[in-house]
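Below are the chains, spelled out letter by letter.
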Amino acid sequence: MKCRAVKVSKERMYDIIKSPVITEKATMASEYGQVTFRVPLDASKPEIKASVEGVFGVKVRAVNVSITKGKLKRFRGTVGRRSDVKKAMVRLVEGQSIDVMTGV
């Protein structure tokens, strides 16, 4: 199923891509042309695709998202809750790459 092109402003593009996820699993996926970003909970797949293409100047093949629910944590008897986190796994077209170690 093809998604329609979405217009996203430059400011929104930089708001959508919060930070890259630098973990062992994300680094292993980068060998296959996949990059993982932390994104806001209200960001949609077409917005994420348009943002990555606009900011980094690459072609995106697919976007998968994952929402991790925040855990309940206790600190000195006080109950707290971590915030929910949404991650976007972005698969790039063959031959494209993003160096997440350097700044934008």
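Since the model is a prediction, treat every value here as computed from it, not as a measurement.

A. View of helix 3 (residues 45-56). Counted at 1.5 Å a residue, the expected span for helix 3 with its twelve residues is 16 Å, and the 16 Å between its end C-alpha atoms agrees. Looking only at helix 3, the buried set comprises E47, I48, A50, S51, V52 and V55. In this structure, the buried side of helix 3 is in contact with helix 1 (10-16), strand 2 (34-39), strand 3 (60-68) and strand 6 (85-92).

B. Here's a closer look at the side chain of E47. Along the chain, E47 falls in helix 3. Judged by relative accessible area, E47 falls into the buried class, the value being 18%. Filtering out sequence-adjacent residues up to four positions away, E47 remains in contact with V6, V8, R12, I16 and D42.

C. Seen up close, the packing of aromatic side chains. Scanning the model with the defined rule gives one aromatic pair in all. Arranged with centres 5.6 Å apart and planes meeting at 20 degrees, the rings of F37 and F56 form a pair that is stacked. Separated by 19 residues along the polypeptide, F37 in strand 2 and F56 in helix 3 bring together distant segments of the chain.

D. The side chain of K86, seen in detail. Relative to the helices and strands, K86 resides in strand 6. Lacking a salt bridge, the buried K86 has D42 as its closest oppositely charged neighbour, with an N-O distance of 7.2 Å. Within the structure, K86 has its side chain in polar contact with the backbone oxygen of A43 (distance 2.6 Å). Those residues in contact with K86 that lie beyond four places of it in its chain are F37, R38, V39, P40, L41, A43, V65, S66 and I67.

E. Examining the pairing of strand 2 more closely. The buried count for strand 2 comes to five of six residues, which makes it a mostly enclosed element. Examined bridge by bridge, strand 1 (residues 19-20) and strand 2 share two bridges and lie antiparallel to one another. Bridging from a neighbouring strand, S19 pairs with R38 of strand 2. Strand direction decides the pairing type here: strand 2 and strand 6, joined by six bridges, are antiparallel. From the neighbouring strand, T36 faces strand 6, where its bridge partner is M89.

F. Quick look at the nonpolar core. With 19 residues, the main nonpolar core has F37, I48, V52 and V90 as its most contacted residues. At the level of elements, helix 1, strand 2, helix 3, strand 3 and strand 6 are the ones that each hand at least two residues to this core. Counting residues per element, this core draws most heavily on helix 3, which supplies four residues. Beyond its immediate stretch of four places on either side in the chain, I48 contacts I16, V39, A43, V63, V65, A88 and V90.

Rules of the game
Residues numbered from 1 in each chain as written. Predicted model: local features only at pLDDT ≥ 70, side-chain atom pairs only at ≥ 80, totals over all residues. Heavy atoms only, no water. Helix = DSSP H or I, 4+ residues; strand = E, 2+ residues; numbered from the N terminus. Expected span 1.5 Å × (residues − 1). Buried < 20%, exposed > 50% of the residue type's maximum accessible area, 1.4 Å probe, protein only. Contact = heavy atoms within 4.5 Å. Phe/Tyr/Trp six-rings, centres within 6.5 Å; stacked < 30°, edge-to-face > 60°. Lys, Arg positive; Asp, Glu negative; His and termini not counted. Salt bridge = Lys/Arg side-chain N within 4 Å of Asp/Glu carboxyl O. Polar contact = N/O pair within 3.5 Å; in protein donor to acceptor, adjacent residues only side chain to side chain. Pairing = 2+ DSSP bridges. Core = buried A, V, L, I, M, F, W, Y, C linked by side-chain atoms within 4.5 Å.

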